[in-house]
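# Notes for the structure review
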Amino acid sequence: MFDFLKRGAGPGSGADAAPERKASASGRVLPWAGSGRVAWSPRDTATLTRTGFAANPVGFRSVRLIAEAAAALPLVCQGEDGRMDVHPLLDLLARPNPAQGRAELLEALFAQVLLSGDGYVEAVAGAAGLPVELHVLRSDRMSVVPGADGWPVAFEYAVGARKHRFAVGEGISPICHIRSFHPQDDHYGFSPMQAAAQAVDVHNAASRWSKALLDNAARPSGAIVYSGADGQGALAADQYERLQHEMEAYHQGAANAGRPMLLEGGLDWKPMGFSPSDMEFQKTKENAAREIAQAFGVPPMLLGIPGDATYANYQEAHRAFYRLTVLPLAGKVAAALAHWLGGFAGEKLVLRVDPDQVPALAGERDQHWRRIADAAFLNDAEKRAMLGLPPQEGGA
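Quick look at the structure, then.

Rules and cut-offs
- Residues numbered from 1 in each chain as written.
- Predicted model: local features only at pLDDT ≥ 70, side-chain atom pairs only at ≥ 80, totals over all residues.
- Heavy atoms only, no water.
- Axes fitted to C-alpha atoms, helices over the stretch in contact; angles between N-to-C directions.
- Helix = DSSP H or I, 4+ residues; strand = E, 2+ residues; numbered from the N terminus.
- Left-handed = near helix turned anticlockwise from the far one by under 90°.
- Contact = heavy atoms within 4.5 Å.
- Core = buried A, V, L, I, M, F, W, Y, C linked by side-chain atoms within 4.5 Å.
- Buried < 20%, exposed > 50% of the residue type's maximum accessible area, 1.4 Å probe, protein only.
- Pairing = 2+ DSSP bridges.
- Phe/Tyr/Trp six-rings, centres within 6.5 Å; stacked < 30°, edge-to-face > 60°.

### A look at the packing of helix H6 (residues 197–215) against helix H9 (residues 281–296)
At their nearest, the axes of H6 and H9 sit 8 Å apart, and the two run at 145° to each other. Between H6 and H9 the crossing geometry is left-handed. Contacts between H6 and H9 pair Ala 199, Val 200, Val 202, His 203, Ala 206, Ser 207 and Trp 209 from the former with Phe 281, Thr 284, Lys 285, Ala 288, Ala 289, Glu 291 and Ile 292 from the latter.

### Observations concerning the nonpolar core
Within the largest apolar cluster, 62 residues are counted, with the highest numbers of intra-cluster contacts made by Phe 110, Leu 134, Phe 321, Tyr 322, Leu 337 and Trp 340. Of the residues forming this core, the biggest block, 14 residues, is contributed by helix H10 (residues 314–345). Beyond its immediate stretch of four places on either side in the chain, Tyr 322 contacts Ala 69, Leu 73, Leu 327, Pro 328, Val 358, Ala 360 and Leu 361. Judged by nonpolar contacts, the second largest core, of 8 residues, contains Met 142, Val 144, Phe 155 and Ile 175.

### A word on the sheet that holds strand E4 (residues 133–137)
In a beta sheet, neighbouring strands pair by backbone hydrogen bonds and run either parallel or antiparallel. In spatial order, the strands read E4-E3-E8; together these 3 strands make up an open sheet with antiparallel pairing. Each edge of the sheet is formed by a strand with only one pairing partner; in this case those strands are E4 and strand E8 (175–179). Neighbouring strand axes in the sheet, compared pairwise and without regard to direction, differ in orientation by 20° on average. With 5 bridges joining them, strand E3 (residues 118–124) and E4 adopt antiparallel strand pairing. Within E4, the residue paired with Tyr 120 across the bridge is Leu 137. Along the sheet, H10 contacts E3, E4 and E8; its crossing angle with E8, the most-contacted strand, is approximately 160°.

### Describing the pairing of strand E1 (residues 75–79)
Note: E1 against strand E11 (residues 350–353), 4 bridges, orientation antiparallel. The partner of Gln 78 across the bridge, within E11, is Val 350. Two elements, E1 and strand E2 (residues 82–84), share 3 bridges in a ladder whose sense is antiparallel. Within E2, the residue paired with Gly 79 across the bridge is Gly 82. With antiparallel pairing between neighbouring strands as the criterion, E1 and E2 make up a hairpin whose turn holds 2 residues.

### Digging into the packing of aromatic side chains
Evaluation of the coordinates by the stated rule reveals 4 aromatic pairs. Geometrically, the ring pair formed by Phe 321 and Tyr 322 is edge-to-face, given 5.7 Å between the ring centres and 80° between the ring planes. A relative accessible area of 14% places Tyr 322 in the buried class.

### Concerning the environment of Arg 43
With respect to the helices, strands and loops of the structure, Arg 43 is situated in the segment before helix H1 (45–54). The contacts of Arg 43, once residues within four sequence positions are left out, are Leu 48, Gln 194, Ala 197, Gln 198 and Asp 201.

Structural measurements only, silent on function.
Below is the structure:
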């Protein structure tokens, strides 16, 4: 049964056979492992935040624009008796913790939702009633601990080797988890940064290409052709190393821009012009920037991206930005916070955005008020109710 092991032991085969020799014409070509394959950056929250926010101006400005606009929106607190101008919830939001005010806390919360799809708020409980402090926790450090039935039983916050677990299930949860819709995950949200990840990679790659072009004196590269005597086209090893060293030392970088090149006998410089793909590089970068802005819901016009004519003017784009992006996000977060904090207070609370105090929507507000005021079939009480105003004293 082991005869097949002896089949290679004869002359001309096996150990005494001549070793194989590669005879391919392309045998000297150096293989490049990554050639023809697209390299995308990882899709974890930390990497996306670093590449799409900290290292990309379009992503940075989109997140800041949405977070700052949403954090500055006026909020109205309503209870079972109607609108309340004074309430402990409003006082808590005005100063949620000693290190942050209302704008700083809400801006951090909105930014976490935009960057990771998840926002976590910790409540520091007091003796009774509403919490005494609120803190926004980093989403990349928080993980959901599901139970046997799939529902979260705890939240685990990790900093280095230290972990802290927030138990869930008994009483009001100390963590408010606000997440965006994710069609393929039951516990974590899907962020706009994940949808824009490919466009971020393209935009960053185009920026690196532009920087490399500037380092090369803003000129396309070329080739040094050597034509030796008797048709020899190869340099000696020491000649090749010296030429390469001189090119790196005296003809690369912005400091050497325009410096003349001294070529010895047999060397000739053949410049290479821009290819059509190089000429389209700037358009590719602008298209990637537009895709990033669209993923976040920011009109490219507001970011100064050229070539976008979706809106007739800046005012219309600004109004669409608030109506389609800022108000839905702020309304979702405000509703979640009100429901969560209302459990601590033991009452049903509603926290909503007051669009009548948003300057960008002043035109829509004026039209709405004028339309209700001109409705002759409504009395004053009905008009006040439609406008969200409290009943007038005296029953009028």
